[in-house]
Amino acid sequence: MANSDTDKRITLAWSGASGAPYGLRLLECLLAADYEVYLLISSAARVVLATEHGLKLPSGPDAVKAALVEHLNVPTDKLVVCGKEDWFSPVASGSAAPKKMVVCPCSAGSLAAIAHGMSDNLAERAADVVLKERGQLLLVVRETPFSTLHLENMLKLSQMGVTIMPAAPGFYHQPKTIEDLVDFMVARILDHLGIEQVLVPRWGYDQRS
Ligand SMILES: Cc1cc2nc3c(=O)[nH]c(=O)nc-3n(C[C@H](O)[C@H](O)[C@H](O)COP(=O)(O)O)c2cc1C
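Position labels on residues start from 1 in each chain and follow its written sequence. Local features in this predicted model are restricted to residues whose pLDDT is 70 or higher, and side-chain atom pairs enter the listing and the counts only when it is 80 or higher, whereas totals over whole chains, interfaces and linings include all residues.

As annotated in an unreviewed UniProt entry, the protein is Flavin prenyltransferase UbiX from Enterovibrio coralii. UniProt positions are given in the numbering used here, feature names are shortened, and annotations may be inferred rather than shown by experiment. Taken directly from UniProt, the Catalytic activity (unreviewed entry) text for the protein runs: "dimethylallyl phosphate + FMNH2 = prenylated FMNH2 + phosphate". Quoted verbatim from the Function (unreviewed entry) heading of the UniProt record, the comment on the protein is "Flavin prenyltransferase that catalyzes the synthesis of the prenylated FMN cofactor (prenyl-FMN) for 4-hydroxy-3-polyprenylbenzoic acid decarboxylase UbiD. The prenyltransferase is metal-independent and links a dimethylallyl moiety from dimethylallyl monophosphate (DMAP) to the flavin N5 and C6 atoms of FMN."

In structure tokens:
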């Protein structure tokens, strides 16, 4: 990929798995960390967002950005909302795409499409680009139980260097609220991306007794 290690750009895809609050919180944290975020939202992700968070997104990238700007508590000048078939977006080409991409939440459908290089929409294409350019791809997969097919797709991608992070928050930080559970997952994602975070105390440091 053409960009440098200090490049603070990332692609974030929301797919239609349960876990919209993870995606929203991650977006907030990435923007707060001064990352330029290319945001891709599937049709099913919109349904999940409305169902789980009561946030009904309008159609069209500009209107979506305006709706998110109202909703988020962080500066949004570095937020770029992309259309599902915006093939001219930087994320669609290895010559311009960010090196890092997270699919959060990641549905079993998106997992399968990425594992098989479908590239049928911009999110699948962006993931395919990160794979072929040997960038960092993280999938926050959410389904239960997993079928053999899901597990095979995860294994296949893991063997290609993809980080599979099931949306499976721990309880050892004694969460009191849903936000605590969400922050647990988001903190682990940020850790893997190498982005400083203070959402959750680290194991062995600042543990509550
Ligand atoms: C409210 C809601 C929750 C869903 N939860 C999940 C889920 O947790 N995991 C999953 O794999 N699919 C889930 N689905 C089904 C996916 O949205 C569906 O398979 C969709 O085609 C995925 O497409 P996408 O990956 O392009 O977003 C859910 C759908 C809805 C409406």
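Enquirer: If you had to explain the overall build of the protein to someone new, which residues and values would you point to?
Expert: Secondary structure assignment for the protein yields 7 helices and 6 strands. Along the protein, helices (α) and strands (β) appear in the sequence β-α-β-α-α-β-β-α-α-β-α-β-α when read from the amino end. Relative to its length of 209 residues, the protein is compact, with a C-alpha radius of gyration of 16 Å against a globular reference of 17 Å. Judged by the C-alpha coordinates and their principal axes, the protein covers about 50 × 40 × 35 Å. Labels follow a simple rule on C-beta atoms placed from the backbone: if 20 or more others lie within 10 Å of a residue's own, it is buried; if 12 or fewer, it is exposed; otherwise it is partly exposed. Per-residue burial over the protein gives 42% buried out of 209 residues. Contact between two residues is assigned when their C-beta atoms, built from the backbone, lie within 7 Å. Of the contacts formed within the protein by residues at least 6 apart in sequence, a portion of 73% connects residues at least 24 apart. Each helix is a run of H or I in the DSSP string that is no shorter than four residues. Each strand is a run of E no shorter than two, and both are numbered from the N terminus. Just to be clear, the radius of gyration here is over C-alpha atoms, and the globule rule we use is 2.2 Å times residues to the power 0.38.

Enquirer: Give a description of helix α7 (residues 178-193) that names residues and reports values.
Expert: Here the expected length of a helix is defined as 1.5 Å per residue gap, with one fewer gap than residues. The first and last C-alpha atoms of α7 sit 23 Å apart over 16 residues, in line with the 22 Å expected at 1.5 Å per residue. On its buried side, α7 packs onto α1 (20-32), β4 (100-106) and β5 (136-141). Two residues or fewer after α7 comes Gly194, characterised by a positive phi angle close to 75°.

Enquirer: An account of the UniProt feature "binding site: dimethylallyl phosphate" (unreviewed entry) in the protein is needed here, citing residue identities and associated values.
Expert: Per the UniProt annotation, the sites labelled "binding site: dimethylallyl phosphate" (unreviewed entry) are Tyr172 and Arg188. Sequence-wise these annotated residues cover 17 residues; spatially they are packed, their C-alpha atoms never more than 13.7 Å apart. Along the polypeptide, Tyr172 turns up in the loop between β6 (163-164) and α7. Its place among the elements puts Arg188 in helix α7. You can call Arg188 buried: it has 20 C-beta atoms within 10 Å.

Enquirer: How would you summarise the site of the ligand if you had to cite specific residues and measurements?
Expert: The environment of the ligand is made up of 16 residues, and the closest members are Gly16, Ser42, Ala44, Ala108 and Ser110. Only α2 (43-53) and α4 (108-115) provide two or more residues apiece to the shell around the ligand. Take the shell around the ligand: its biggest share by element is 5 residues, from α2. Gly falls in the polar group here, along with every residue not listed as nonpolar (Ala, Val, Leu, Ile, Met, Phe, Trp, Tyr, Cys, Pro) or charged (Asp, Glu, Lys, Arg). Its residues assigned to classes, the shell around the ligand shows 6 nonpolar, 8 polar and 2 charged. Near, for a residue, is defined by distance from a backbone-placed C-beta atom to a molecule or strand, with 6 Å as the limit that must not be exceeded.

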